[in-house]
Amino acid sequence: MERIVNGQEAKEGQFPYIVALELLLNETSLSCGGSIIANDWILTAAHCTQDAQRVIIYYGSIEKSKAQVVVEVQASSIIQHPKYDSTLTTNDIALIHSKWVDFNDRIQRIALPRPEQFGESFEVGEFANNSQVFVRSNVFI
């Protein structure tokens, strides 16, 4: 296993709201992570979706090879923030519309913070090394 900086390996089911994204470009692919915000919507970074022609979404496992559900969508299912600026990296947010995926113990919507929680620290999960989720603490702003 590769070295994890400022984090530790996640346990299976620890972050049921995280998905792995494989973004297919012209002749290459890019891996990113996303958060489930509804049965058919994923929140991710706009820089991940730039120039993507298709996206493969892996639900329900910390390893892509063990995903419970795999969904492939076309570029028309990607909505980048209208004011996303790749040079300044501002408004770096995008939505991906997926087919409906039923929730279970390994696939859940993320609990978004309430406004009064501004500045609190939250444990977050993210995909790393293209195949596994790792944990780190981060301040939600």
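Below, the structure is looked at part by part. From a predicted model like this one, the values you see are computed outputs, not experimental measurements.

1. Considering the sheet that holds strand E2 (residues 18-24)
The antiparallel open sheet is built from 7 strands, whose spatial order is E6-E5-E2-E3-E4-E8-E7. Unpaired on one side and paired on the other, strand E6 (69-74) and strand E7 (78-80) mark the two borders of the sheet. Each strand of the sheet is rotated relative to its neighbour by a mean of 30 degrees, with strand direction disregarded.

2. Remarks on the nonpolar core
By size, the foremost hydrophobic cluster in this structure holds 18 residues, and its most contacted members are Leu21, Ile42, Val55, Ile57, Tyr59 and Ile96. Listed by contribution, the elements that provide at least two residues to this core are E2, strand E3 (29-38), strand E5 (54-59) and E6. Not counting residues within four places of it along the chain, the set of residues in contact with leucine 21 comprises Leu30, Ser31, Cys32, Gly33, Gly34, Ile42, Thr44, Val55, Ile56, Ile57 and Ile96. Core analysis: the second largest hydrophobic core is formed by 5 residues, Ala10, Phe15, Tyr17 and Ile18 among them.

3. Concerning the pattern of salt bridges
Inspection of the entire model under this criterion finds 3 salt bridges. Among the ionic pairs, glutamate 12 bridges to arginine 106, the shortest N-O distance being 3.6 Å. Taken together, the residues span a long stretch of sequence, with glutamate 12 in the loop between strand E1 (8-9) and E2 and arginine 106 in the loop between strand E8 (94-97) and strand E9 (121-128) at a distance of 94 residues. Glutamate 63 serves as the salt-bridge partner of lysine 66, at 3.6 Å between the closest nitrogen and oxygen. On the accessibility criterion, glutamate 63 (23% relative accessible area) is partly exposed.

Reading guide: rules and limits
Residues numbered from 1 in each chain as written. Predicted model: local features only at pLDDT ≥ 70, side-chain atom pairs only at ≥ 80, totals over all residues. Heavy atoms only, no water. Pairing = 2+ DSSP bridges. Helix = DSSP H or I, 4+ residues; strand = E, 2+ residues; numbered from the N terminus. Axes fitted to C-alpha atoms, helices over the stretch in contact; angles between N-to-C directions. Core = buried A, V, L, I, M, F, W, Y, C linked by side-chain atoms within 4.5 Å. Buried < 20%, exposed > 50% of the residue type's maximum accessible area, 1.4 Å probe, protein only. Contact = heavy atoms within 4.5 Å. Salt bridge = Lys/Arg side-chain N within 4 Å of Asp/Glu carboxyl O.

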